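One letter stands for each residue in the lines below.
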2 protein chains.
Amino acid sequence: MSTPKPVYPGKTILASKIAAQYSDEIKQGVAELDFKPTLVGFLANDDPAAVMYANWSAKTTESLGFTYKLIQCDKNDLEMHILKANETPSVHGIMVYFPVFGDLQDLYLQQCVSPHKDVEGLNHLYYRNMYHNIRFLDEQQQQKSILPCTPLAVVKIMEYLQVYNPLIDYGNRLYGKKVVIVNRSEIVGRPLAALLANDGATVYSVDINNIQEFTRGNDLSLSRHQVKPLEGTSQLNELISEADVIITGVPTAAYKFPTEAVKNGAVCINFSSEKNFREDIKTKAGLYVPNIGKVTQAMLLRNLLRLIENKKRRENAV
Amino acid sequence: MSTPKPVYPGKTILASKIAAQYSDEIKQGVAELDFKPTLVGFLANDDPAAVMYANWSAKTTESLGFTYKLIQCDKNDLEMHILKANETPSVHGIMVYFPVFGDLQDLYLQQCVSPHKDVEGLNHLYYRNMYHNIRFLDEQQQQKSILPCTPLAVVKIMEYLQVYNPLIDYGNRLYGKKVVIVNRSEIVGRPLAALLANDGATVYSVDINNIQEFTRGNDLSLSRHQVKPLEGTSQLNELISEADVIITGVPTAAYKFPTEAVKNGAVCINFSSEKNFREDIKTKAGLYVPNIGKVTQAMLLRNLLRLIENKKRRENAV
């Protein structure tokens, strides 16, 4: 007797499965507090998809023990609402459903959220710390810096998939791993490349214009990553064929990653809301994560608990 | 504040650390039996190193709850002693300290040990099952086949080092991994190449004459590995530079693996009693296991428990 062979040897791993362990951890963290933390979400557009997403995140947030308040407002009043929430002690975390104006004004609004309540980890302070591989907010290393929740979700997924090797020292656990990231947005792609390179990977960050290498050097002798642009994009397929991990985040339905260039057994993770991998990626991927939304949501709530912990430590330090 | 950076990012992992979990498992297994199993070791040479090794294995074996009997005899009486031990119900496992004659007669003696007591897993039956990826002795899949203990030790080490990915189905967990093995002995190198290829790796088996590729195909579509000789050995350094795992077993002190060809972050395992890697391998290796003896010894005793379990299941099946 032999069990029937699967069509392909790899596995598809759903975000819900990966998120489950964090949900338990977060529930536990909330239960240990002597109050019920409140997350406020600001919705200043009428996009029905955004409303649906807001309702879904409300449900998840409340199911883990938090209070969730959705505040719908005119986009021109949003800044005032954010500033008020920054000052309201009963509001512990703030998130904004972007796009609002859909232009650079959204970045301005993003930075209006106090870093002490910025559950998405979008404040410039947090990005700067991440790029410079600074992991604490204070010299005493009591308050941990917050990581932007989508890049953090990808890191946690890679830990779950055992791409990170826990036998290697913390901070070097991606030593020797080659990663291709197709997306270099300021929100996800570029910070993710930096995070993974800071953890020891050699990252090829790809956008429509060029390829950049993010690395601490082959021997990780640098304490933070450096970025080097490659000449042109002609070597892309060769880089893909050597990649241990491929991460996509292209926000267009038409874009499809070239499965034929992928090496068998590669780990493939898509963070776009579009399906960037074709169905046949399963013939190649060792582990395939088709979307990451539920892990991102868990990281957002994990960040909220960390902000509360940081606040406590700040107050104790005074 | 920052912790001092290590000279190199990889880690050296000692066999004793890896063996510890198996020692606990074995002790537990012995404790669950209603008798104390006996392992007999035959020593038919006067080599003081062999005597020392026999004494060391006696000590380990007894510390885990077994009875160990060392039988020293003339090499010309060894066959008779083995055949007698095969028939003695109070002897549960048999091992022979080779070399005895130091020629092909040793292979003959090896096959004299009953497969039911062959703790080293050297019987032809076990090798054949391993090469054909047959994991059970009976159609009912009740009695597990025994694996030769040195190749098995390397597999268990690779599991410990998380080269095997447990999220992938059992039997495919090395999918996408490239392995170079320098040694193609019948005892270790060739069976190890087959084992790792059967588990999904692409293995390059290197000896002084040539390089052979062991693989179930890039997509693991074959149910057992096939072997393909490569043309010459000129591509060796290129294969090394792409290897995720490098395993050495060259029994000469002069041989040293070319560190300069190794890719940063590679897993390096030496099963030779000589140090096949130079000290500078630590500048390259992600994880480095300098020798494996203690894990091999644990696998031998694990095999003994499995032989006892198989005997019980055989008797119950009658």
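Residues numbered from 1 in each chain as written. Chains lettered and ligands numbered in written order. Predicted model: local features only at pLDDT ≥ 70, side-chain atom pairs only at ≥ 80, totals over all residues. Heavy atoms only, no water.

- The name given to chain A in an unreviewed UniProt entry is Methylenetetrahydrofolate dehydrogenase [NAD(+)], with the source organism recorded as Babjeviella inositovora NRRL Y-12698.
- Its UniProt record, at the heading Subunit (unreviewed entry), says of chain A: "Homodimer." (UniProt positions renumbered as here; feature names shortened; annotations may be inferred.)

Quick look at the sheet that holds strand β3 (residues 67-72) of chain A
Residue and element names in this part refer to chain A.
Right, so step 1: Strand order in the open sheet formed by 3 strands is β3-β2-β4, and the pairing between neighbours is parallel. The open sheet is flanked by β3 and β4 (93-96), the only strands paired with a single partner. This sheet shows a mean twist of 20° between the axes of neighbouring strands, independent of strand direction.
Right, so step 2: Note that strand β2 (residues 38-43) and β4 share 4 bridges and pair parallel. Across the sheet, residue Gly 41 finds its bridge partner in β4, namely Met 95.
Right, so step 3: The strands that helix α3 (residues 78-87) touches are β2, β3 and β4; relative to β4, the one it contacts most, it runs at about 165°. (Pairing = 2+ DSSP bridges. Helix = DSSP H or I, 4+ residues; strand = E, 2+ residues; numbered from the N terminus. Axes fitted to C-alpha atoms, helices over the stretch in contact; angles between N-to-C directions. Contact = heavy atoms within 4.5 Å.)

A look at a negative patch on the surface
Right, so step 1: Negative charge collects at one region of the surface, where Glu238(A), Glu242(A), Glu238(B) and Glu242(B) lie side by side.
Right, so step 2: Among the secondary structure elements, those contributing two or more residues to the negative patch are α8 (236-242) of chain A together with α8 (236-242) of chain B.
Right, so step 3: Locating Glu238(A) in the fold gives a position in helix α8. (Patch = residues over 30% accessible without salt bridge, like charges linked within 9 Å, V, L, I, M, F, W, Y side chains within 5 Å. Areas by Shrake-Rupley, 256 points an atom, 1.4 Å probe, with all protein chains shown as cover. Salt bridge = Lys/Arg side-chain N within 4 Å of Asp/Glu carboxyl O. Lys, Arg positive; Asp, Glu negative; His and termini not counted. Charge placed at Lys NZ, Arg CZ, Asp CG, Glu CD.)

Section: the domain arrangement of chain A
Right, so step 1: Partitioning chain A into domains gives domain 1 (32-115) and domain 2 (150-293).
Right, so step 2: Its C-alpha centre places domain 1 of chain A at a distance of 30 Å from the equivalent point of domain 2 of chain A. (Domains from an automatic or database assignment.)

Looking at the relation of the copies chain B and chain A
Right, so step 1: Here chain B sits on chain A after a turn of 180° about the axis and a move of 0.0 Å along it, with an RMSD of 0.0 Å. Overall, the copies show the geometry of a two-fold rotation axis. Of every C-alpha in chain B, the one belonging to Gln162(B) sits nearest the axis of rotation, 3.7 Å from it.
Right, so step 2: The overlap is high: 100% of the interface residues of chain B also sit at the interface in chain A, so the same surface is used on both sides. (Least-squares fit on C-alpha atoms with pLDDT ≥ 70 in both.)

Considering the packing of helix α6 (residues 149-160) of chain A against helix α7 (residues 189-198) of chain A
Residue and element names in this part refer to chain A.
Right, so step 1: At their nearest, the axes of α6 and α7 sit 9 Å apart, and the two run at 40° to each other. Judged by the angle between their axes, α6 and α7 are oblique. Regarding α6 and α7, the two cross each other, and that crossing is right-handed. Listed contacts from α7 to Pro 151, Leu 152, Val 154, Val 155 and Met 158 of α6 are Pro 191, Leu 192, Leu 195 and Leu 196.
Right, so step 2: Of the residues assigned to the contact of α6 with α7, the class counts are 9 nonpolar, no polar and no charged. (Parallel < 35°, antiparallel > 145°, perpendicular 65-115°, else oblique. Left-handed = near helix turned anticlockwise from the far one by under 90°. Nonpolar A, V, L, I, M, F, W, Y, C, P; charged D, E, K, R; others polar.)

Points about the side chain of Asn264(A)
Right, so step 1: Relative to the assigned elements, Asn264(A) resides in the loop between β9 (245-248) and β10 (267-270).
Right, so step 2: Polar contacts involving the side chain of Asn264(A) include one to the side chain of Tyr175(B), which spans 2.9 Å.
Right, so step 3: A polar contact of 3.0 Å, which involves the side chain of Asn264(A), links it to the backbone oxygen of Asn218(B).
Right, so step 4: Those residues within four positions of Asn264(A) in sequence are excluded, and the remaining contacts are Thr283(A), Lys284(A), Tyr175(B), Gly176(B), Asn218(B) and Asp219(B). (Polar contact = N/O pair within 3.5 Å; in protein donor to acceptor, adjacent residues only side chain to side chain.)

Structural notes on the environment of Ile82(A)
Residues and elements named next belong to chain A.
Right, so step 1: Within the fold, Ile 82 resides in helix α3.
Right, so step 2: With 73 residues separating them along the chain, Ile 82 and Val 155 place their C-alpha atoms 29 Å apart.
Right, so step 3: Ignoring any residue separated from it by four or fewer positions in sequence, one finds Ile 82 in contact with Phe 42, Ile 94, Val 96, Leu 109, Cys 112 and Val 113.

A short note on the interface of chain B and chain A
Right, so step 1: Counting residues at the interface gives 33 residues for chain B and 34 residues for chain A.
Right, so step 2: At the boundary of chain B with chain A, total buried surface from both sides reaches about 2,800 Å², with 51% on carbon and sulfur atoms.
Right, so step 3: When the buried area of chain B at its contact with chain A is split by residue, Pro9(B), Leu167(B) and Tyr175(B) rank highest and sum to 25% of it.
Right, so step 4: Connecting chain B to chain A are 2 salt bridges.
Right, so step 5: The partner of Asp169(B) in a salt bridge is Lys11(A), with the nearest N and O atoms 2.8 Å apart.
Right, so step 6: Where chain B packs against chain A, one counts 12 residue pairs in polar contact (both at pLDDT 80 or more).
Right, so step 7: Along the lines of polarity and charge, the residues of the side of chain B that touches chain A split into 14 nonpolar, 12 polar and 7 charged. (Buried area = accessible area lost by both parts, 1.4 Å probe.)

Regarding the UniProt feature "domain: Tetrahydrofolate dehydrogenase/cyclohydrolase NAD(P)-binding" (unreviewed entry) in chain A
Right, so step 1: This chain's UniProt record puts "domain: Tetrahydrofolate dehydrogenase/cyclohydrolase NAD(P)-binding" (unreviewed entry) on residues 148-218 of chain A.
Right, so step 2: Overall, residues 148-218 of chain A shows 31% helix and 21% strand. The separation of its end C-alpha atoms is 26 Å.

Let's talk about unusual backbone geometry
Outside of glycine, negative phi angles account for most residues, and trans bonds account for most peptide bonds.
Right, so step 1: Cis geometry is adopted by the peptide bond preceding Pro99(A), which originates at Phe98(A) and carries an omega value of 0°.
Right, so step 2: Considering the arrangement of structural elements, one finds Pro99(A) in the loop between β4 and α4 (105-112).
Right, so step 3: Not every positive phi belongs to a glycine, and Gln162(B) is a case in point at roughly 65°.
Right, so step 4: Its location among the elements puts Gln162(B) in the loop between α6 (149-160) and β5 (178-182).
Right, so step 5: Unlike most non-glycine residues, Leu220(B) shows phi in positive territory, near 55°.
Right, so step 6: Here Leu220(B) shows up in the loop between β7 (211-215) and β8 (226-229).

Focus on the environment of Val91(B)
Residues and elements named next belong to chain B.
Right, so step 1: Locating Val 91 in the fold gives a position in the loop between α3 (78-87) and β4 (93-96).
Right, so step 2: The exposure class assigned to Val 91 is buried, which follows from its relative accessible area of 9%.
Right, so step 3: Sequence separation of Val 91 and Lys 228 is 137 residues, and the distance between their C-alpha atoms is 42 Å.
Right, so step 4: Apart from the residues lying within four places of it in its own chain, the contact partners of Val 91 are Thr 38, Val 40, Ala 85 and Lys 117. (Buried < 20%, exposed > 50% of the residue type's maximum accessible area, 1.4 Å probe, protein only.)

Digging into the pattern of salt bridges
Right, so step 1: Taken as a whole and judged by the stated rule, the model has 28 salt bridges over all chains.
Right, so step 2: The partner of Glu309(A) in a salt bridge is Arg313(A), and the shortest N-O contact between them spans 2.8 Å. Placement of both Glu309(A) and Arg313(A) in helix α9 (residues 293-317) is noted, with a separation of 4 residues, approximately one turn of the helix.
Right, so step 3: The residue Lys263(B) makes a salt bridge to Asp244(B) at a minimum N-O spacing of 2.9 Å. You can see Lys263(B) sitting in the loop between β9 (245-248) and β10 (267-270) and its partner Asp244(B) sitting in the loop between α8 and β9, a full 19 residues away along the chain.
Right, so step 4: Looking at Asp244(B), the relative accessible area reads 13%, which means it is buried.
Right, so step 5: The network of salt bridges with common partners includes Glu260(A), Arg278(A) and Asp280(A).

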